[in-house]
Amino acid sequence: MQPKANLEPNPSSIKHSLVNKNNHQKNSETDLNSLNGVDSDQAFVSSSSVLELDLIYAIHRNEFELYYQPKVNTKENIIIGAEALIRWNHPKLGLISPNDFIPLAEKIGFINDIGKWVKKTACAQNKAWQDAKLPAIPVSINLSASRFMETDLVNSTRETLEQTKLEARYLE
């Protein structure tokens, strides 16, 4: 299954990401701009900066997808859990591996927003499976190391579980 969530982008996160992007952009400009007559204060547009902006708006545009890798007990031949794996379905570039966009998200300070989207989407999907009378299994999500530094991790997780009505034992 490949659920999508209709979550609005967090304006403060977008602003923070854009500030980080702009600071990085100014720091990475080269003398090539002055050679081409481009003022250093003007926006330097590159494929990287376009991809950064695309990444920031990917949640709002419902471009992320979760795929669920089953965890199987091979002795009993039953599914005992699943791992939620994110992919970015870019409208022009197609499916982008997390190996390609996660480092970019970390660089521009957008990784925690993506992590929150993954958590909410995986919890909602798991609850939907349970409501459809499928076997109740835990779903694992991956957290960025920076997420553990955030002060709202526990409260955010608690809120997500309450919003989705998923029991905590079904989120790993």
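Residues numbered from 1 in each chain as written. Predicted model: local features only at pLDDT ≥ 70, side-chain atom pairs only at ≥ 80, totals over all residues. Heavy atoms only, no water.

Student: What should I look at first to understand the overall build of the protein in this one?
Tutor: The secondary structure content of the protein amounts to six helices and four strands. Seen in sequence order, the protein has helices and strands lined up from the N terminus as α-α-α-β-β-β-α-α-β-α. Among the 172 residues that make up the protein, the fraction classed as buried is 38%. Considering only contacts in the protein between residues 6 or more positions apart, those separated by 24 or more positions represent 69%. (Helix = DSSP H or I, 4+ residues; strand = E, 2+ residues; numbered from the N terminus. Buried < 20%, exposed > 50% of the residue type's maximum accessible area, 1.4 Å probe, protein only. Contact = heavy atoms within 4.5 Å.)

Student: Can you help me understand the pattern of salt bridges in this one?
Tutor: Two side chains with opposite charge may pair up if their charged atoms get near one another. Going through the model one piece at a time under the given rule, you end up with eight salt bridges. Lys116 serves as the salt-bridge partner of Asp152, at 3.3 Å between the closest nitrogen and oxygen. Residue Asp152 is located in the loop between strand 4 (139–140) and helix 6 (153–164), and its partner Lys116 is located in helix 5 (residues 111–131); the two are separated by 36 residues in the primary sequence. Under the relative-accessibility criterion, Asp152 is labelled partly exposed at 26%. Accessibility expressed as a relative area gives 32% for Lys116, which makes it partly exposed. Within this structure, Asp54, Arg61 and Glu63 form a network of salt bridges that share partners. (Salt bridge = Lys/Arg side-chain N within 4 Å of Asp/Glu carboxyl O.)

Student: Help me understand the packing of aromatic side chains, please; the structure alone is not making it clear to me.
Tutor: When we look at a pair of aromatic rings, we describe it by the centre distance and by the angle of the planes. Summed over the entire model, instances satisfying the criterion amount to five aromatic pairs. Taking 4.9 Å as the distance between ring centres and 75° as the angle between the ring planes, the aromatic pair formed by Tyr68 and Trp129 counts as edge-to-face. Here the residue Tyr68 occupies a position in strand 1 (residues 64–73), and Trp129 occupies one in helix 5, the gap between them amounting to 61 residues. Residue classification places Trp129 among the buried positions, given a relative accessible area of 14%. Here a set of aromatic residues connected by ring pairs shows up, and it is made of Phe64, Trp88, Phe101 and Trp117. (Phe/Tyr/Trp six-rings, centres within 6.5 Å; stacked < 30°, edge-to-face > 60°.)

Student: Help me understand the pairing of strand 1 in this model?
Tutor: It is a general feature of regular strands that their side chains alternate between the two faces of the sheet. Direction of pairing for strand 1 relative to strand 2 (residues 78–90): antiparallel, over a ladder of 10 bridges. Residue pairing across strands places Gln69 opposite Glu83, the latter belonging to strand 2. Between the end of strand 1 and the start of strand 2, which pair antiparallel, lie four residues, with Asn77 showing a positive phi angle near 55°. (Pairing = 2+ DSSP bridges.)

In short, the description is geometric, and any link to function would need to be established separately.
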